[in-house]
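A structural walkthrough
Next come the chains, spelled out residue by residue.
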Amino acid sequence: MSDFALQAADLSKNYGKNAAIRSFTIDIPYGGLIGLIGRNGSGKTTFMKLCAGLLDLSGGKLEVFGRAPMDNLAVLSDLVYTCHNMSHEKQLRLQAILGNYAIIFKDFDREFAEKLLQYFDLKPKMRYKQLSQGMASIFNFICALACRSKLTMFDEPVLGMDVTVRKAAYEVLLRDYTEYPRTVIISSHLLAEMEGILSDILLIDEGRPVLFGNIDDLRQSSYRIEGEKAAVDSFSAGKQIIYYKNGISCEAVIKETLDDEIRTRAGQSGLRVCHVRPEDLCIYLTRENKEGELECLWQKAN
Amino acid sequence: MFMAKSELKNAGQLTRIKLKSAKFNILSTFIVMAAIFLTNLIPSLIHMLKVSDALNSYRLPDFSGWFLVGILLANVIWSCIERITNHNFAMYPQTNSSRFLSTQALYYSWILLTAALLLAMYLIQSGIMAIIATAHKNIYLVYKFDPAFIISGFLVLIIYASIIAGFISLVTALIHKFKIYAVGVFAAMAGFFIADPLLVIKFIQSVSGFLILEPGVLFFIFKGLIFWAALFALSFIVNKSTVYYKSSLRLSNDITAGIAAACLIAIFAFGSVALILAPSMEQSAVVAQEEYPAGPVSKQLEFDISALPKGSSIDIITGGDIGFIANPGKVTSSGSDNAGRFYIYEDGTREEYPEEYLVLEYYDQMSNIDGDRLIIYYTLPLNIEDSQNIGRLIKPDFKARLEGNTLYLDYTYEKNVKAVFLPIWSFMGQFVYFKDRGITKESFFRSYSGCGGSISLRIE
């Protein structure tokens with residue numbers, strides 16, 4: 001078996017004239033809790049569905065465990081894809097749906113799934129149509145987690161869950177991952193909540209991967225300086241600035257590994273220096289500067 | 001060759017899941033069928049137990065016609081929404097082939113289960129009617145219960161239903177594969193149909209004639225299985241070479257194509273299916289009940305035969321189920337050319353032919369008759385329904401007695417007689433073996449004919 005869970009080379013997927021994924025090249029090694037981060041419409045769901053063989057690619061190459069996933073049972077048997085609003089037969093009871101998963105997923109742990117139902121206060125005899133959005137999210141999360149597939153993909157799994165349930169879900173996910181290590185990809189907009197459990201981050205924007213790496217390395221990969229504009233400008237000259245704002249004070253985010261030397265120099269320049277939270281970094285890397293446009297929203301046309 | 005073992009196993013697992021998920025729909029079908037069954041049976045039973053002087057015939061509907069219509073419609077609808085319903089199973093690992101096979105397995109399981117229910121309903125109905133007929137001597141079951149017919153009909157039904165499903169699967173697979181081109185071809189076929197329906201129906205008849213005209217059950221099953229296997233194999237091959245997955249679905253396009261395909265399939269299938277189904281549909285009234293005119297339970301006719309020479313003999317011929325003697329022809333008396341013919345019509349045609357009702361026609365003068373024999377013909381009234389003479393059930397009887405110079409003709413029959421038709425497998429008329437044994441009717445169409453009984457006197 002390939003050492004890589006996922007390999008994509010120049011992958012593309014078009015919906016009619018719209019390109020959802022373009023020139024997507026990445027190698028994701030086996031193992032890890034990977035956060036798939038990106039803005040709305042950045043191609044997260046399309047990428048996951050391509051990996052799950054739910055969509056046919058338009059171009060390039062995609063391999064999961066060294067093989068193309070589309071229509072390939074050997075690959076598809078080892079992965080599970082779920083999202084918050086999975087479409088099940090609405091009349092089915094939760095226990096019946098668990099039974100369906102148990103029929104087809106060879107590693108599905110039904111006992112574990114039933115315990116999780118109890119843990120999250122879901123009654124096995126409830127029908128799927130009776131679930132609220134949050135409850136459906138929890139249930140789909142439980143089903144996918146209990147599959148213990150080598151590649152487990154959660155697409156916005158916590159949508160609709162309240163904060164308590166979300167935290168419990170993250171805890172369960174981390175614990176189960178520790179017990180049964182595998183490759184877990186989880187897409188969410190709530191990176192701040194999840195960064196404590198993630199090992200890696202894959203950031204995509206406009207259908208392309210922007211960065212992929214270990215979350216600790218990511219934390220070290222950039223830093224923020226804040227102070228007088230002249231000092232900020234002088235300090236950041238010749239460096240890769242990924243965010244810049246001149247307000248009451250001036251701040252800049254510089255893509256460079258923060259070390260002691262930099263800290264010392266920044267201090268000498270009268271600048272405050274700190275790490276950038278991964279969530280902020282993702283925003284800076286994927287957001288175009290629209291501050292000017294914001295002002296336009298309230299301007300009256302003559 | 002076409003599928004790995006793991007794919008077959010996967011298809012089996014998907015089938016189990018789909019059957020579990022479809023149980024509500026299957027159950028709904030059963031409930032609807034049972035409700036229709038009861039709403040036909042109960043009013044019929046109530047009516048049947050009412051006293052009536054007439055000869056009543058009851059026809060409980062044969063649901064097998066509806067069954068084939070249902071199979072056709074359900075398959076067309078399923079084909080249209082298949083890719084939408086695939087969403088419900090998208091989370092499970094599958095391939096094009098295993099998904100196709102599992103869907104087909106679901107279809108055929110549904111067909112088999114529904115056909116089994118149909119059979120069960122017939123058996124229940126027959127059982128109830130048999131008990132009632134045993135308890136009430138005036139209630140008769142017209143058709144014999146024949147296990148060989150029941151089993152053969154069940155198999156033939158499955159074959160017909162499978163061919164319908166196989167045909168629709170093939171059309172659907174072609175549409176999925178060739179998309180707009182396939183729709184174009186079927187649209188052109190529909191155009192032909194609209195332009196010259198007779199030509200298309202003739203074509204369909206000639207294509208399907210090898211099946212729908214096959215008179216032998218075993219040959220039919222053999223041919224049907226081969227035909228179905230060919231349809232299935234073609235669908236499978238076309239489907240296997242088609243790359244589509246549920247998330248590729250562009251819903252609006254698919255629904256439009258699906259509706260177009262449904263219309264085309266329906267038009268195309270209409271010609272052949274209508275041939276089989278129209279009569280069955282006709283029979284599916286809630287209570288298909290015919291009431292024949294009551295007439296007198298007993299009729300006594302007096303006739304003065306004083307003109308007959310003494311010693312004349314009188315022959316009475318009764319009970320002949322020989323049809324209506326419309327014209328006995330010229331009768332020549334042994335002693336004279338002045339023969340006399342007397343017609344007395346005693347039948348149920350008063351409404352239709354009032355002038356012939358109980359008319360005594362007298363030819364020549366009785367006084368001139370010098371023959372020595374009086375022959376009385378009596379013909380049973382006939383009520384033929386689907387080739388079965390239910391007129392015999394009223395057990396008409398005719399007696400003649402002579403008192404002095406008066407000839408009394410007594411005509412009696414049983415009243416409050418109920419003839420119950422429990423038709424099943426109306427499409428079995430093509431099979432000579434059963435047709436010849438009177439177990440099923442000859443034609444799909446419901447037929448009536450008959451005439452009143454007649455009494456005629458012939459004096460020789």
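Residues numbered from 1 in each chain as written. Chains lettered and ligands numbered in written order. Predicted model: local features only at pLDDT ≥ 70, side-chain atom pairs only at ≥ 80, totals over all residues. Heavy atoms only, no water.

**Quick look at the overall build of chain B**
When you go through chain B residue by residue, the secondary structure sums to nine helices and 15 strands. Each of the 460 residues in chain B was classed as buried or not, and the buried ones make up 50%. The contacts of chain B with a sequence gap of at least 6 include a subset with a gap of at least 24, amounting to 83%. Accessible surface computed for chain B: about 21300 Å², of which carbon and sulfur atoms make up 66%. (Helix = DSSP H or I, 4+ residues; strand = E, 2+ residues; numbered from the N terminus. Buried < 20%, exposed > 50% of the residue type's maximum accessible area, 1.4 Å probe, protein only. Contact = heavy atoms within 4.5 Å. Areas by Shrake-Rupley, 256 points an atom, 1.4 Å probe, with all protein chains shown as cover.)

**Side note on unusual backbone geometry**
Residue and element names in this part refer to chain A. Although it is not a glycine, Ser 23 sits at a positive phi angle of roughly 45°. Mapped onto the elements of the fold, Ser 23 is located in strand β2 (residues 18-29). Residue Ser 23 is classed as partly exposed on the basis of its relative accessible area, which comes to 42%. In the Ramachandran plot, Glu 206 falls in the positive-phi region, its phi being about 50° despite a non-glycine side chain. You can see Glu 206 is positioned in the loop between β8 (200-205) and β9 (208-214).

**Observations concerning the confidence of the model for chain A**
Interpretation of the predicted coordinates at a detailed level should be avoided for regions scoring low in pLDDT. With 96% of its residues at a pLDDT of at least 70, chain A reaches an overall mean of 89. Mean pLDDT across the elements of chain A ranges from a minimum in helix α12 (residues 291-296) of chain A, with 62, to a maximum in helix α4 (residues 110-119) of chain A, with 95. (pLDDT = per-residue confidence, 0-100.)

**Quick notes on the environment of B:Asp62**
Residue and element names in this part refer to chain B. Relative to the helices and strands, Asp 62 is located in the loop between β1 (55-59) and α2 (64-85). Here Asp 62 falls in the buried class, since its relative accessible area comes to 2%. A C-alpha to C-alpha distance of 8.5 Å links Asp 62 and Tyr 122, two positions 60 residues apart in sequence.

**Quick word on the side chain of A:Glu156**
Residues and elements named next belong to chain A. Examined against the element boundaries, Glu 156 turns out to sit in the loop between β6 (151-155) and α6 (163-179). Buried Glu 156, no salt bridge; nearest opposite-charge side chain is Lys 44, N-O distance 4.3 Å. One polar contact links Glu 156 to His 189, side chain to side chain, over a distance of 2.9 Å. Excluding its chain neighbours within four sequence positions, the residues that come into contact with Glu 156 are Lys 44, His 84, Ser 187, Ser 188 and His 189. (Lys, Arg positive; Asp, Glu negative; His and termini not counted. Salt bridge = Lys/Arg side-chain N within 4 Å of Asp/Glu carboxyl O. Polar contact = N/O pair within 3.5 Å; in protein donor to acceptor, adjacent residues only side chain to side chain.)

**Describing the packing of α4(A) against helix α5 (residues 133-147) of chain A**
All names here are of chain A. With their axes 9 Å apart at the nearest point, α4 and α5 run at an angle of 155° to one another. Viewed along their axes, α4 and α5 adopt a mutual orientation that is roughly antiparallel. When the axes of α4 and α5 are compared, the crossing they make is right-handed. Where α4 approaches α5, its residues Phe 112, Ala 113, Leu 116 and Leu 117 are matched on the opposing element by Phe 139, Ile 142, Leu 145 and Ala 146. Looking at the contact of α4 with α5 residue by residue, the class counts come to eight nonpolar, no polar and no charged. (Axes fitted to C-alpha atoms, helices over the stretch in contact; angles between N-to-C directions. Parallel < 35°, antiparallel > 145°, perpendicular 65-115°, else oblique. Left-handed = near helix turned anticlockwise from the far one by under 90°. Nonpolar A, V, L, I, M, F, W, Y, C, P; charged D, E, K, R; others polar.)

**Section: the interface of chain A and chain B**
Contact residues are listed per partner, giving 27 residues for chain A and 25 residues for chain B. Taking both sides of the interface into account, the surface hidden between chain A and chain B amounts to around 2400 Å²; carbon and sulfur atoms contribute 63%. When the buried area of chain A at its contact with chain B is split by residue, A:Leu73, A:Ile103 and A:Ile104 rank highest and sum to 28% of it. Where chain A touches chain B, the interface holds zero salt bridges. Where chain A meets chain B, there are four residue pairs in polar contact (both at pLDDT 80 or more). At the level of secondary structure, the elements contributing two or more residues to the side of chain A that touches chain B comprise α2 (73-76) and α3 (94-104) of chain A. Partitioned by chemical class, the residues of the side of chain A that touches chain B number 14 nonpolar, eight polar and five charged. (Buried area = accessible area lost by both parts, 1.4 Å probe.)

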